Amino acid sequence: MSSANLQKIRADIQRRKLINTIFALVGILVIMVAILTLLGLTIQMVIEGSSRLTPDFFTSFPSRRAERAGILSAWVGTSLVMLVTALTAVPLGVAAGIYLEEYSRKDWLADLIEINVTNLAGVPSIIYGLLALGLFVYKLQLGQSVISAGLTLALLILPVIIVTTREALRAIPNSLREAAYALGASKWQMIWDHILPYSFGSILTGVIIGLSRAIGQTAPLVTIGALTFIAFLPDSPIKSEFPYISFDWLQAPFTVLPIQMFNWVSRPEREFEMNAAAAGSVLIAMTLTMNALAIYIRYQLRKDVKW
Amino acid sequence: MQLKQDSWKILTGVASVAAVLALAVPVVKSQGRTLIKIDGSSTVYPITEAVAEEFQIDKRGAVQVTVGISGTGGGFKKFCSQDASVRTDISNASRTIKDSEKEACKAAGVEYIELPVAYDAITVVVNQDNPIDSMTVEELKTMWQPEADETVTQWSQVNSSWPQEEFTLFGPGADSGTFDYFTDKITGEEGASRTDYTPSEDDNVLVQGVASDPFALGYFGYSYYESNRDKLKAVAIDDGTGNAVYPSLETVRNGDYKPLSRPIFIYINAEAAEKPEVKDFIEFYLANASELVPEVGSVPLDDSGYEEALARFQNKVLGTASAQ
């Protein structure tokens, strides 16, 4: 090999290394732009709202006076709606995912369902609001209540949960299923005792993505009749007399944090912008807590699963 | 392989709770509560909200009031709904009820009492550095009519004594009641407006826009001007009489500020008006409006206006009084 040839090769390698470095730099730049913008916005919001983040802010109802206004009805509303959403969407979504992945025959019908579920995940949320208005509010007469809102958001995140459940189940190697069968497990035993526990972490990720999507929704809730001013709380679910548990809160009118924020932002008085920023910080904190909790549970569960 | 059985117990628990919920809901449905449901215009909202807040303090939580914002039209849709469960007791309206809405109410068997509660004055604003102090309705029309699209772009084209500078326009979007009223009074046809302006449903965006551009002009509700006096300059409006009038509490109340001021209303379901809590609420509303309305930046009626409204309510005068 001549030295000229060798030099050419070296130059070539140099050039490739350069391209490699440039791409890495561009990659870092892109991710910095994305993260710093997000971080900047969040920090600015928290700083703007920090002076309003007092205990009173969490225990007061909305008011026309910015310094007296709080988010009590909004955060309680958001929590209750999310509770209903989680309690309906998670069992339904996971069960549907299990059926589609483990039980249903793989024919044209399954393909059709698969395509539809995936597409549903991308449908704009306002469409779900319209569907819910017709179905829950008018047909089923559930009223403009916490339960209607919870079920609406459950519909909205159902596709996300179904799709991630299926992905999670698909990621479990077939050899595990066969091993379970070989030891005489029935199909249900195989799923319940083996497949589900191993995929629980990934399913949980899907659930959290879904719930995080739901918690910020405004459009579908406005459509079904979420309120803006509400200065009382739903009935307590625990009663002092028999039967001790009450479901009246499901029927209660409600508001949620994003709606309260929007109302404050669009007010003429500028002091309300601070309130909106504070409410936004609370909403972000709630979402992050949910995520953190999920990550922690997932970590705990994965620790126990040893292949 | 080790499993954490506990987590599965939890999951089973969650599933059974969900099942119980599903069963319990129909049982709960039949229960009632003293609740006053209000919905409608965002212009009337701050007033009704203030009244609702004070009323609930006054009643020590015995009566629950909810107020929503779904726009004047959206509010009437609920107010006159065929479905009794979504029907509201009171509807906020920044205009009088339309014929189509009257028919919907009739079809649903809803009769109503109409009460004026305040005035809204649409305010035309410019930047503080803008030398212009007053405009005639004609000049506003030249500026805003649909024919002005792309052709009228400079202040000097509207009035030769004004600066030779391009203007930027800000206004509410076409869904707004303010837009309907402004176009009706200025261009002569409801909904007819030039389209090359910056529209926003969020009035604070309009405030920012005009405040940051020395040759901008915009229009929106009086309360937004009231809260941003330090950043904006209101334009006096000359209704062809040669006498330009600034919007203020006095000029709106005595009718001098023409043609951009209008009364705003609440509509009460006549059947609901029989209920003691609704009756109390309306009486509380009219008794405290003159104090609460200015607090939220709107213009109150004079005292006799509220007395007339109260008489109207107590005598159960049905239907709309407007002959505007």
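Here the residue numbers are simple positions, counted from 1 along each chain's written sequence. Chain letters and ligand numbers both follow the written order, the letters beginning at A and the numbers at 1. Reporting of local features is limited, given that this is a predicted model, to residues whose pLDDT is at least 70; pairs of side-chain atoms are given and counted only at 80 or more, and all residues count toward the totals for whole chains, interfaces and linings. To get the side-chain values, take all heavy atoms of the structure and skip hydrogens and water.

### Observations regarding the overall build of chain B
Consideration 1: When you go through chain B residue by residue, the secondary structure sums to twelve helices and twelve strands.
Consideration 2: In this description, contact between two residues means that some pair of their heavy atoms is separated by no more than 4.5 Å. Within chain B, contacts between residues separated by at least 24 positions form 74% of all contacts whose residues are at least 6 apart in sequence.
Consideration 3: Accessible areas in this description were obtained via Shrake-Rupley with a 1.4 Å probe; residue shielding takes into account the shown protein chains only. Roughly 14,000 Å² of accessible area belongs to chain B as shown, and the carbon and sulfur atoms make up 48% of that amount. Only DSSP runs of H or I covering at least 4 residues are called helices, and only runs of E covering at least 2 are called strands; the numbering of each starts at the N terminus.

### Re a nonpolar patch on the surface
Consideration 1: Together, A:Leu25, A:Ile28, A:Ile31, A:Met32, A:Ile35, A:Leu36, A:Leu39, A:Ile43 and A:Ile47 give the surface a local cluster of nonpolar side chains, amounting to about 870 Å² of exposed area.
Consideration 2: For the exposure calls, accessible area comes from a 1.4 Å probe over protein chains only, and a residue counts as buried if that area is under 20% of its type's maximum, exposed if over 50%, partly exposed in between. A:Leu25 gets classed as exposed once you look at its relative accessible area, which sits at 54%. Like-charged residues within 9 Å of one another, or nonpolar side chains (Val, Leu, Ile, Met, Phe, Trp, Tyr) within 5 Å, are grouped into patches, provided each residue has over 30% relative accessible area and no salt bridge. Counted as salt bridges are all cases of a side-chain nitrogen of Lys or Arg within 4 Å of a carboxyl oxygen of Asp or Glu.

### A look at the domain arrangement of chain B
All names here are of chain B.
Consideration 1: Domain annotation for chain B reports domain 1 (35-119 + 263-314) and domain 2 (120-261).
Consideration 2: An automatic or database domain assignment supplies the start and end points of every domain. Using only C-alpha atoms to locate each centre, domain 1 and domain 2 end up separated by 29 Å.
Consideration 3: At the junction of the two partners, domain 1 supplies 13 residues and domain 2 supplies nine residues.
Consideration 4: Counting each side, the surface lost to burial between domain 1 and domain 2 is near 930 Å², with a carbon and sulfur contribution of 60%.
Consideration 5: Buried area is calculated as the accessible area (1.4 Å probe) missing from two parts once they are joined, with the contributions of both summed. Considering only the surface of domain 1 that becomes buried against domain 2, Tyr119, Gly297 and Val299 emerge as the three largest contributors, covering 50% of it.
Consideration 6: Here domain 1 is connected to domain 2 by zero salt bridges.
Consideration 7: For the purposes of these results, a polar contact is taken to be a pair of N or O atoms within 3.5 Å, where, inside protein, one atom must be able to donate a hydrogen and its partner to accept one; residues adjacent in sequence count only when each atom of the pair is a side-chain atom. In this structure, the connection of domain 1 to domain 2 is made through two residue pairs in polar contact (both at pLDDT 80 or more).
Consideration 8: Its residues placed into classes, the side of domain 1 that touches domain 2 shows seven nonpolar, four polar and two charged. The nonpolar class holds Ala, Val, Leu, Ile, Met, Phe, Trp, Tyr, Cys and Pro. Asp, Glu, Lys and Arg form the charged class, and all remaining residues, Gly among them, are polar.

### Regarding the domain arrangement of chain A
Residues and elements named next belong to chain A.
Consideration 1: Taken as a whole, chain A is organised into domain 1 (1-50) and domain 2 (55-304).
Consideration 2: Each of domain 1 and domain 2 has a C-alpha centre, and these two points are 38 Å apart.
Consideration 3: Contacts between domain 1 and domain 2 engage five residues on the former and seven residues on the latter.
Consideration 4: Of the roughly 480 Å² buried where domain 1 meets domain 2, counting both sides, 71% is carbon and sulfur surface.

### Looking at helix α4 (residues 99-108) of chain B
Because an α-helix completes one turn every 3.6 residues, residues spaced three or four positions apart along the sequence face the same direction.
All names here are of chain B.
Consideration 1: Listed as buried for α4 are Glu101, Cys105 and Ala108. End-on view of α4: buried residues confined to an arc of 70°, all on one side of the axis. Exposed and oriented more than 90 degrees from the buried face of α4 are Asp99, Glu103, Lys106 and Ala107.
Consideration 2: Taken together, the buried residues of α4 touch α3 (71-79) and β4 (112-127).
Consideration 3: Gly109 lies just past α4 and shows a positive phi near 75°. Note that the arc is defined by the directions from the helix axis to the C-beta atoms.

### Structural notes on the sheet that holds strand β5 (residues 134-136) of chain B
All names here are of chain B.
Consideration 1: Taken in spatial order, the three strands of this open sheet run β5-β10-β11, and their pairing is mixed. Two strands bound the open sheet, and with one partner strand each, they are β5 and β11 (244-245).
Consideration 2: Two strands qualify as a pair provided that DSSP identifies no fewer than 2 bridges between them. By the bridge criterion, two bridges tie strand β10 (residues 236-238) to β11 in an arrangement that is antiparallel. Its bridge partner being in β11, Ile237 is matched across the sheet by Val245.
Consideration 3: Structural elements are reduced to axes, namely lines fitted to C-alpha atoms, with helices fitted over the stretch in contact, and the angle between N-to-C directions of any two is expressed from 0 to 180 degrees. Of the strands in this sheet, β5 and β10 touch helix α5 (residues 137-144), which is tilted by about 80° from β5.

### Brief notes about unusual backbone geometry
Consideration 1: Look at the link from B:Lys258 to B:Pro259: it is a cis peptide, with omega at -5°.
Consideration 2: Structurally, the position occupied by B:Pro259 is in the loop between α10 (249-253) and β12 (261-269).
Consideration 3: Of note, A:Gln141 is a non-glycine position whose phi angle comes to about 55°, a positive value.
Consideration 4: The topology assignment puts A:Gln141 in the loop between α5 (125-139) and α6 (146-170).
Consideration 5: A positive phi angle, near 55°, is found at B:Lys316, a position not held by glycine.
Consideration 6: Along the polypeptide, B:Lys316 turns up in the segment after α12 (303-314).

### Quick look at the state of the cysteines
Note on terminology: disulfide describes a covalent bond linking the sulfur atoms of two cysteines.
All names here are of chain B.
Consideration 1: Disulfides are defined as cysteine sulfur pairs within 2.5 Å. One pass over the structure, following the stated rule, counts one disulfide over all chains.
Consideration 2: The partner cysteine of Cys80 in its disulfide is Cys105, sulfur to sulfur 1.9 Å. Here the S-S torsion is close to -50°, and the disulfide linking Cys80 with Cys105 is therefore left-handed. Within this pair, whereas Cys80 is found in the loop between α3 and β3 (90-93), its partner Cys105 is found in helix α4, the two being separated by 25 residues in sequence.
Consideration 3: Accessibility expressed as a relative area gives 5% for Cys80, which makes it buried.
Consideration 4: Given the relative accessible area of 0%, Cys105 is considered buried.

### Digging into the environment of A:Thr21
Residues and elements named next belong to chain A.
Consideration 1: Take Thr21: it is sitting in helix α1 (residues 3-50).
Consideration 2: Classification of Thr21 by relative accessible area gives partly exposed; the value is 45%.
Consideration 3: Spatially, the C-alpha atoms of Thr21 and Gly93 are 44 Å apart, while their sequence positions differ by 72 residues.

### Considering helix α11 (residues 276-295) of chain B
Residues and elements named next belong to chain B.
Consideration 1: With 20 residues, α11 ought to run about 28 Å at 1.5 Å a step, and its terminal C-alpha atoms sit 27 Å apart, in line with that.
Consideration 2: The angle between axes fitted to the seven residues ending at a residue and the seven residues starting there is what we call the bend at that residue. A bend of about 65° at Ala289 is the largest found in α11.
Consideration 3: Here α11 has its buried residues at Glu277, Val278, Phe281, Ile282, Phe284, Tyr285, Leu286, Ala289, Leu292 and Val293.
Consideration 4: Trailing α11 by a residue or two, Gly297 shows a phi angle of about 90°, which is positive. Take the residue count of a helix, subtract one, and multiply by 1.5 Å to get its expected span.

### Quick word on the packing of helix α7 (residues 174-182) of chain A against helix α8 (residues 187-215) of chain A
Residues and elements named next belong to chain A.
Consideration 1: Taken N-terminus to C-terminus, the directions of α7 and α8 make an angle of 140°; their axes are 10 Å apart at the nearest point. In terms of axis orientation, α7 runs oblique to α8. Along this stretch, α7 crosses α8, giving a crossing that reads as right-handed. Contacts from Leu176, Arg177, Ala180 and Tyr181 in α7 reach Lys187, Met190, His194, Ile195 and Tyr198 in α8.
Consideration 2: In terms of residue class, the contact of α7 with α8 is made up of six nonpolar, one polar and two charged. Orientation is classified from the angle alone, with under 35 degrees giving roughly parallel, over 145 giving roughly antiparallel, 65 to 115 giving roughly perpendicular, and any other angle giving oblique. When the near helix sits turned anticlockwise from the far one by under a right angle, the crossing is termed left-handed; a clockwise turn instead gives a right-handed crossing.

### Regarding a negative patch on the surface
Residue and element names in this part refer to chain B.
Consideration 1: Taken together, the side chains of Asp302, Asp303, Glu307 and Glu308 present a region of like negative charge at the surface.
Consideration 2: Counting through the fold element by element, Glu307 comes out in helix α12.
Consideration 3: Assessed through its relative accessible area of 56%, Glu307 is described here as exposed. In summary, the charge assignment counts Lys and Arg as positive and Asp and Glu as negative, without counting His or the chain termini. Working definition for charges: the position is that of NZ of Lys, CZ of Arg, CG of Asp or CD of Glu.

### Some remarks on the pairing of strand β8 (residues 216-221) of chain B
Residue and element names in this part refer to chain B.
Consideration 1: Burial analysis of β8 places six of its six residues in the buried class, the great majority of the element.
Consideration 2: As defined by bridge partners, β4 adjoins β8 across five bridges and the pair is classed as antiparallel. Opposite Val124, over in β8, you have Tyr219 as the bridge partner.
Consideration 3: Judged from the three bridges that link them, strand β6 (residues 168-171) and β8 form a sheet pairing that is parallel. Bridging from a neighbouring strand, Phe170 pairs with Gly218 of β8.

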